[in-house]
Amino acid sequence: MINILLCTNNRILIKSLYGMLRDEGFGVDIAEHPSTAVQMALQGGYAAVIMDSEPFGLSVEDAIRIIKTILPKIVVIFVGYDQMDTDVLSIEAPIDLEKFKRTIHSIGGMHSVH
């Protein structure tokens, strides 16, 4: 099973993505803060980290930078309106769930679980 870390404190986003990802066969863990997501990602076992753009605690940009520095092969998906300048997939909000499903399924072929 491919495991994904979802980092958000947006209950609507959790409700939308968590169920869809589980239904698609992914293991999903949730971190409410970017600093927690960094700690969880560093423990390993995730093929992808999905982070939303809402600012809270450690900035999303800093969290992504830390994760990508230590785990350069992990897929990071940024949910928000801005494009990131790093090696990150950006998806606009609100999320087109069908497009998101295609994107998330592509990670299975791109990377093995770390």
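Residues numbered from 1 in each chain as written. Predicted model: local features only at pLDDT ≥ 70, side-chain atom pairs only at ≥ 80, totals over all residues. Heavy atoms only, no water.

A. Region of the structure containing the pattern of salt bridges. Enumeration over the complete set of coordinates arrives at four salt bridges. Put simply, glutamate 32 and arginine 11 hold a salt bridge, and the shortest N to O gap is 2.6 Å. Of this pair, glutamate 32 sits in the loop between strand S2 (27–31) and helix H2 (34–42) while arginine 11 sits in helix H1 (residues 11–23); the two residues are 21 residues apart in sequence, bridging distant segments of the chain. Here glutamate 98 makes a salt bridge to lysine 101, at a shortest N to O gap of 3.4 Å. One end of the pair is glutamate 98 and the other is lysine 101, both in helix H4 (residues 97–110) and three residues apart, which spans about a single turn. We classify glutamate 98 as partly exposed; its relative accessible area is 47%. (Salt bridge = Lys/Arg side-chain N within 4 Å of Asp/Glu carboxyl O. Helix = DSSP H or I, 4+ residues; strand = E, 2+ residues; numbered from the N terminus. Buried < 20%, exposed > 50% of the residue type's maximum accessible area, 1.4 Å probe, protein only.)

B. The pairing of S2, seen in detail. Where strand S1 (residues 3–7) lies against S2, five bridges are found, and the strand directions are parallel. Bridged to leucine 5 within S2 is aspartate 29. A crossover links S1 with its parallel partner S2, the connecting element being H1, and its sense is right-handed. (Pairing = 2+ DSSP bridges. Right-handed = clockwise from strand over helix to strand, strands pointing away.)

C. Quick look at the packing of H2 against helix H3 (residues 60–70). Where H2 meets H3, the closest approach of the two axes is 9 Å, and the angle between their N-to-C directions is 10 degrees. With respect to H3, the axis of H2 lies roughly parallel. Residue-level inspection shows Pro34, Ala37, Val38, Ala41 and Leu42 of H2 in contact with H3, the latter providing Val60, Ala63, Ile66, Ile67 and Ile70. Along the lines of polarity and charge, the residues of the contact of H2 with H3 split into ten nonpolar, no polar and no charged. (Axes fitted to C-alpha atoms, helices over the stretch in contact; angles between N-to-C directions. Parallel < 35°, antiparallel > 145°, perpendicular 65-115°, else oblique. Contact = heavy atoms within 4.5 Å. Nonpolar A, V, L, I, M, F, W, Y, C, P; charged D, E, K, R; others polar.)

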